[in-house]
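# Close look at the chain arrangement
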Amino acid sequence: MKARIRTLVRSQGWTLVETRHVEFSTYREMRTWCNNTFPKDTWEGKSTSDIFSTGPKKFVFKRPSDATMFTLRWAV
């Protein structure tokens, strides 16, 4: 896990949401949706795979309610 995301989860209590088998184009849509939905500095996203493959993506949210909304929106 990226050091910044790890710090937000462990030290500051942010909520981690991990997605599985997401294409990079969908990951970009997720980030755009988060930018348009949540206030700045209350979420962060990280792709753990390259742009040519599907793989897990990690998002963290300052407010648990934002993590729930994200999960409901992007549940597959």
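Residues numbered from 1 in each chain as written. Predicted model: local features only at pLDDT ≥ 70, side-chain atom pairs only at ≥ 80, totals over all residues. Heavy atoms only, no water.

A separate point is the overall build of the protein. Check the secondary structure of the protein and you find 3 helices and 3 strands. Walking the protein from its N terminus toward its C terminus, one meets helices and strands in the order α-β-α-β-β-α. Relative to the compact-globule value of 11 Å for 76 residues, the protein shows a C-alpha radius of gyration of 12 Å, a close match. Expressed as lengths along the three principal axes of its C-alpha atoms, the size of the protein is roughly 30 × 25 × 20 Å. The contacts in the protein between residues at least 6 apart in sequence include a share of 65% that link residues at least 24 apart. Total accessible area computed for the protein in this model is approximately 4900 Å², and 50% of it derives from carbon and sulfur atoms. (Helix = DSSP H or I, 4+ residues; strand = E, 2+ residues; numbered from the N terminus. Rg over C-alpha atoms; globule rule 2.2 N^0.38 Å. Contact = heavy atoms within 4.5 Å. Areas by Shrake-Rupley, 256 points an atom, 1.4 Å probe, with all protein chains shown as cover.)

The element strand β3 (residues 55-61) is largely enclosed, with a buried count of 6 among its 7 residues. Pairing geometry for strand β1 (residues 15-22) and β3, over 6 bridges, is antiparallel. If you follow V17 over to β3, its bridge partner there is F59. In this structure, strand β2 (residues 43-47) lies alongside β3, joined through 5 bridges in antiparallel fashion. In the sheet register, E44 faces β3, and the bridge partner there is V60. (Buried < 20%, exposed > 50% of the residue type's maximum accessible area, 1.4 Å probe, protein only. Pairing = 2+ DSSP bridges.)

Put simply, helix α2 (residues 24-37) and helix α3 (residues 64-74) touch, their axes get as near as 12 Å, and they point 140° apart. Classified by the angle their axes make, α2 and α3 are oblique. Of the two elements, α2 crosses α3, and the hand of that crossing is right-handed. Where α2 approaches α3, its residues T26, E29, M30, W33, C34 and T37 are matched on the opposing element by M69, F70, R73 and W74. In terms of residue class, the contact of α2 with α3 is made up of 6 nonpolar, 2 polar and 2 charged. (Axes fitted to C-alpha atoms, helices over the stretch in contact; angles between N-to-C directions. Parallel < 35°, antiparallel > 145°, perpendicular 65-115°, else oblique. Left-handed = near helix turned anticlockwise from the far one by under 90°. Nonpolar A, V, L, I, M, F, W, Y, C, P; charged D, E, K, R; others polar.)

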